[in-house]
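# Coordinate inspection notes
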Amino acid sequence: MSGLIMAAQLLAGLSLLIVLHEFGHYWAARAFGIKVEKFYLFFDAWGFKLFSFKYGDTEYGMGWLPLGGYVKIAGMIDESMDTEQMKQPVQPWEFRAKPAWQRLIVMLGGVTVNVLLGILIFWILTFTYGDTDINNKGLKNGVVALELAKDLGIQSGDKIVAVGNDTIEKFSEILGPKVLMGNVDLTIQRGDSTVKIAVPGNFIEKISDSGPGKFLEPRSAFVVESVLTGSNAEKAGLLAGDKILAVDSVLIPFYDQITPVLQSKKGEEVTLLVSRGDETLELPVQVTIDGTIGFFPKLTDIVLIEEKYSASEALPMGAQKAWDAIWLNLKGFGKIFSGDVRADKAIQGPIGIASIYGGTFDWERFWSLTALISMILAFMNLLPIPALDGGHAMFLIIEIIRGKPLNDSIMEKAQTVGFFILIGLMIFAFGNDILKLLF
């Protein structure tokens, strides 16, 4: 079921973004009197389609190949490679009959819609939900150093006070792009001393392999929030509000310390030393073969920062989040080309994106990821690859500078090359996703 929910969220999000992207091209073309012959969600490869209908001069429909969508603009050399149409006399309602500046606006229409949509969604989310984060300065017990943090030299109990020259107010900043992208120093308070730890430039590669869940967590004391019905903890008499002090004489002041102890006692009986009100109790409990006893914790040392914004305050914040998404992609490509990060560690295909949506539905997460993907689509479409909007825009800018268009045969060859580049990238992304799933 979780797999179906992932797939459904991915399909819904991408379908919305594709339709609106193509509508940007469609609207701009019609605004300049250019005929749009087809408007399709997904590709009707080899002439196969799920459905179609005609309204006015345009055929609308849905193809069977869910790798994007397209609008077929009359008189334009595009992925359809309709060279026969280009041999006919130029008609006033064709793309090629319009001045270069109008054609450039048409080609940038889809990207413009993606950018505006991303800003709009981030704006609404910021206004609706505000920002809720963990107060980093309030973490009196510091952080839990997981596998990747230990590799850097971070220890559990460390307090991360700055990234580069910036003081850290919110815990999410430690898990954000500034750290994950590497090439930055962390300032750490360790007891009475201050330590500098360098995050290497290829750190994002390690995050890709292991996941951000293997880096850092806030360290906190805890009490039992609830006990799972029918669990061994319930049978032993553990109650909500209890504070577990020790397991088999091993002191447990922080929640991160109980899991490894229980994992080492799989299938055995242990004794919990529990504080309940003014009493201290010893409760014998059987640990399952999974290394659990069946309770949910309430972290007691976590201080939250909750901020709400007016519509006017949320707008620039939404725009900043949209810009951060593009800037992050630019930095990611820079790391790939510099050799800091391998492409197979940085690029995700549809399967990888679906896993980020997750196996349960949450409105805030769905729209946040959809806005992020909208910005990524805008960035990717602006790459100067023939067959992408950026490639068309590049040729139009060259035409404006030259004062005349490039030869049709050059455009056709460039379009063919661009098409094979895109196919290669799609195969790489899909193959990369599958290999990650298998291995």
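Refer to the preceding data block for the structure.
Here's what I pulled together on the structure shown here. All values derive from a computational prediction rather than experimental measurement.

### A closer look at helix α13 (residues 389-402)
A rise of 1.5 Å per residue sets the reference length of α13, with its 14 residues, at 20 Å; its end C-alpha atoms lie 20 Å apart and thus fit the reference within 8%. Taken as a whole, α13 has its buried residues at D389, G390, G391, H392, A393, F395, L396 and E399. Where α13 ends, the next residue or the one after it, G403, has phi of about 90°, a positive value.

### Topic: the sheet that holds strand β14 (residues 250-251)
One open sheet accounts for four strands, arranged β14-β13-β15-β16; its pairing is antiparallel. Unpaired on one side and paired on the other, β14 and β16 (279-286) mark the two borders of the sheet. Relative to β14, strand β13 (residues 243-247) is paired through two bridges, and the arrangement is antiparallel. Across the sheet, residue A246 finds its bridge partner in β14, namely L251.

### Let's talk about the packing of aromatic side chains
In this structure the tally under the stated criterion is 16 aromatic pairs. Relative to Y70, the ring of Y40 has its centre 5.7 Å away and its plane inclined at 15°; by these criteria the two rings are stacked. Here Y40 is found in strand β1 (residues 36-43), whereas its partner Y70 is found in strand β4 (residues 65-73), with 30 residues between them in sequence. Through pairs of rings, three or more aromatic residues link up here, namely F23, Y26, F39, F53 and Y60. Across the ring face of W93, the terminal group of K35 is positioned such that the distance to the ring centre comes to 5.1 Å. When the ring centre of Y40 is taken as reference, the NZ or CZ atom of K38 above it lies at 5.0 Å.

### A look at the environment of L304
For L304, the position within the fold is in strand β18 (residues 304-307). Through-space distance from the C-alpha of L304 to that of F171 is 9.8 Å; in sequence the pair is 133 residues apart. Ignoring any residue separated from it by four or fewer positions in sequence, one finds L304 in contact with T132, D133, I134 and N135.

### Things to note about a nonpolar patch on the surface
A cluster of nonpolar side chains, contributed by W46, F48, L50, F51, F53, Y55 and W64, occupies part of the molecular surface with about 950 Å² of accessible area. Assignment of secondary structure puts F48 in the loop between β1 and β2 (49-55). Its relative accessible area of 55% is what places F48 among the exposed residues.

### Points about the pairing of β1
For β1, the buried fraction is high: seven of the eight residues fall into the buried class. Across four bridges, the pairing between β1 and strand β3 (residues 58-63) is parallel. By the bridge assignment, K38 is partnered in β3 with E59.

### Concerning the sheet that holds β4
Strands sit in the order β2-β3-β1-β4 across an open sheet of four strands; the sheet is mixed. Looking at which strands have only one partner, the edges of the open sheet turn out to be β2 and β4. Adjacent strand axes in the sheet meet at a mean angle of 10° when their direction is disregarded. In this structure, β1 lies alongside β4, joined through six bridges in antiparallel fashion. Residue pairing for β4: K38 is matched across the bridge by K72.

### A look at unusual backbone geometry
Of note, the phi angle at F42 is positive, near 70°, even though the residue is not glycine. Topologically, F42 is positioned in strand β1. Residues other than glycine seldom take positive phi values, yet W46 does so here, at roughly 55°.

### Quick look at the environment of E173
Note that E173 resides in the loop between β8 (166-167) and α5 (177-180). Separated by 2.9 Å, the side chain of E173 and the backbone nitrogen of K170 make a polar contact.

### Brief notes about the pattern of salt bridges
All told, the structure shown has 14 salt bridges when counted by the stated rule. R190 is the salt-bridge partner of D158, the closest N and O atoms lying 2.7 Å from each other. Here D158 is found in the loop between α4 (147-152) and β7 (159-163), whereas its partner R190 is found in strand β9 (residues 184-190), with 32 residues between them in sequence. Judged by its relative accessible area of 2%, D158 falls in the buried class. On the accessibility criterion, R190 (23% relative accessible area) is partly exposed.

### Points about helix α3 (residues 100-129)
In this model, α3 (30 residues) spans 43 Å end to end at C-alpha, consistent with the 44 Å of a helix rising 1.5 Å per residue. Maximum bend of α3: about 40°, positioned at G109. The positive-phi residue at the C-terminal boundary of α3 is G130, with phi of around 65°.

### Quick look at the nonpolar core
The biggest cluster of nonpolar side chains holds 24 residues, and the ones touching the most others in it are I154, L186, F203, F215 and L216. The set of elements that each furnish at least two residues to this core consists of β6 (143-145), α4, β7, α5, β9, β10 (193-199) and α6 (203-210). Counting residues in hydrophobic clusters, the runner-up holds 20 residues, among them V247, L262, V285 and F295.

Conventions we followed
- Residues numbered from 1 in each chain as written.
- Predicted model: local features only at pLDDT ≥ 70, side-chain atom pairs only at ≥ 80, totals over all residues.
- Heavy atoms only, no water.
- Helix = DSSP H or I, 4+ residues; strand = E, 2+ residues; numbered from the N terminus.
- Expected span 1.5 Å × (residues − 1).
- Buried < 20%, exposed > 50% of the residue type's maximum accessible area, 1.4 Å probe, protein only.
- Pairing = 2+ DSSP bridges.
- Phe/Tyr/Trp six-rings, centres within 6.5 Å; stacked < 30°, edge-to-face > 60°.
- Lys NZ or Arg CZ within 6 Å of the ring centre and 35° of its normal.
- Contact = heavy atoms within 4.5 Å.
- Patch = residues over 30% accessible without salt bridge, like charges linked within 9 Å, V, L, I, M, F, W, Y side chains within 5 Å.
- Areas by Shrake-Rupley, 256 points an atom, 1.4 Å probe, with all protein chains shown as cover.
- Salt bridge = Lys/Arg side-chain N within 4 Å of Asp/Glu carboxyl O.
- Axes fitted to C-alpha atoms, helices over the stretch in contact; angles between N-to-C directions.
- Polar contact = N/O pair within 3.5 Å; in protein donor to acceptor, adjacent residues only side chain to side chain.
- Bend = angle between axes of the 7 residues up to and from the residue.
- Core = buried A, V, L, I, M, F, W, Y, C linked by side-chain atoms within 4.5 Å.

The quantities given are spatial measurements derived from coordinates; they are silent on function.
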